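The residues making up each chain are set out below.
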Amino acid sequence: MNDGGTEVYFYHLERRTLEEVLPTLLERSLERGWRATVQAASEERVEALDTLLWTYREESFLAHGTARDGYAEAHPIYLTAGGDNPNRAQVRFLVDGAELDDAAPYARVVYVFDGRDEAAASQARAVWQNAKAQGFSVSYWQQDAEGRWRQKA
């Protein structure tokens with residue numbers, strides 16, 4: 001699926017929450033023509049994200065699905081708590097400490113972590129080191145005072 005090597009992006013949340021950031025990151029992925037899978041750490045979190053993507057904006061929503069909806073291949077965004085990729089996504093988002101066994105099938109893996117949580121930051125550092133050791137292209141993004149993402153590494 002990926003002929004140019006997998007990019008692993010780390011988004012460090014400090015000023016905004018995942019719920020505020022994730023819909024925009026997903027919109028940008030769809031604008032690139034990518035299908036996306038969002039992997040959360042639990043089924044309960046998948047349900048919460050499912051609700052979020054239907055309601056995050058009054059005037060719009062992000063079309064997506066979960067295992068409960070069926071027809072996974074028809075969904076441009078798929079939410080899961082497992083390592084599956086039934087919608088053949090090019091980009092995978094890992095949230096709430098979710099872990100991925102193999103990043104290689106993706107054009108991009110996006111690891112979103114809460115920088116205010118020391119355990120999450122520590123886990124992100126370990127994932128960064130592992131991604132670099134595997135030869136993936138890695139980059140680190142942090143929000144500036146205005147909330148714009150800036151590449152820091």
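Below is a short write-up of the structure.

**As for the sheet that holds strand β7 (residues 149-151)**
Turning to step 1, where the next piece is worked out: Read from one edge to the other, the open sheet built from seven strands follows the order β3-β2-β4-β5-β1-β6-β7, with strand pairing classed as mixed. Each edge of the open sheet is held by one strand with a lone partner, namely β3 (77-80) and β7. Direction aside, the axes of adjacent strands within the sheet are offset by 20° on average.
Turning to step 2, where the next piece is worked out: In the sheet, strand β6 (residues 137-143) pairs with β7 via three bridges, with the strands oriented antiparallel. Note that in β7 the partner of Trp-141 across the bridge is Gln-151.

**A short note on the layout of surface pockets**
Left-over empty space is what a probe sized like a water molecule reveals as it rolls over the atoms.
Turning to step 1, where the next piece is worked out: Considered as a void within the structure, the largest pocket measures approximately 270 Å³ in volume.
Turning to step 2, where the next piece is worked out: Taken together, 16 residues make up the lining of the largest pocket; nearest its centre are Leu-94, Leu-100, Val-127, Asn-130 and Gln-134.
Turning to step 3, where the next piece is worked out: Looking at the lining of the largest pocket, the elements with two or more residues in it are β5 (108-114) and α3 (118-133).
Turning to step 4, where the next piece is worked out: Counting residues per element, the lining of the largest pocket draws most heavily on α3, at four residues.
Turning to step 5, where the next piece is worked out: Taken as a whole, the second largest pocket spans an internal volume of roughly 200 Å³.
Turning to step 6, where the next piece is worked out: Of all the elements in the fold, those that place two or more residues in the lining of the second largest pocket are α1 (18-31), β5 and α3.
Turning to step 7, where the next piece is worked out: By residue class, the composition of the lining of the second largest pocket is seven nonpolar, three polar and six charged.

**A look at helix α2 (residues 43-55)**
Turning to step 1, where the next piece is worked out: With 13 residues, α2 extends 19 Å between its outermost C-alpha atoms, agreeing within 8% with the 18 Å of an ideal straight helix rising 1.5 Å per residue.
Turning to step 2, where the next piece is worked out: All of the buried residues in α2 are Arg-45, Val-46, Leu-49, Asp-50, Leu-52 and Leu-53. The buried residues of α2 occupy an angular sector of 165° when projected down its axis, which confines them to one face. Seen from the buried face of α2, the exposed residues on the opposite side, beyond 90 degrees, are Glu-44 and Thr-55.

**Details of the nonpolar core**
Turning to step 1, where the next piece is worked out: Counting 27 residues, the largest nonpolar core has Tyr-11, Leu-26, Val-38, Leu-49, Ile-77, Phe-93 and Val-112 as the members making the most contacts within it.
Turning to step 2, where the next piece is worked out: Of all the secondary-structure elements, those providing two or more residues to this core are β1 (7-13), α1, β2 (36-39), α2, β3, β4 (91-94) and β5.
Turning to step 3, where the next piece is worked out: Element by element, the count of residues in this core is highest for α1, at five residues.
Turning to step 4, where the next piece is worked out: Residues in contact with Val-38, not counting those within four places in the same chain, are Leu-22, Leu-26, Leu-49, Ile-77, Tyr-78, Leu-79, Thr-80, Phe-93 and Val-95.

Here is what the cut-offs are and how they apply
Residues numbered from 1 in each chain as written. Predicted model: local features only at pLDDT ≥ 70, side-chain atom pairs only at ≥ 80, totals over all residues. Heavy atoms only, no water. Pairing = 2+ DSSP bridges. Helix = DSSP H or I, 4+ residues; strand = E, 2+ residues; numbered from the N terminus. Axes fitted to C-alpha atoms, helices over the stretch in contact; angles between N-to-C directions. 1 Å grid on protein atoms, 1.4 Å probe; cavity = no way out; pocket = protein on both sides within 12 Å on 5 of 7 lines; lining within 4 Å. Points joined across faces, edges and corners; volume = space filled by probe spheres on them. Nonpolar A, V, L, I, M, F, W, Y, C, P; charged D, E, K, R; others polar. Expected span 1.5 Å × (residues − 1). Buried < 20%, exposed > 50% of the residue type's maximum accessible area, 1.4 Å probe, protein only. Arc of directions from axis to C-beta. Core = buried A, V, L, I, M, F, W, Y, C linked by side-chain atoms within 4.5 Å. Contact = heavy atoms within 4.5 Å.

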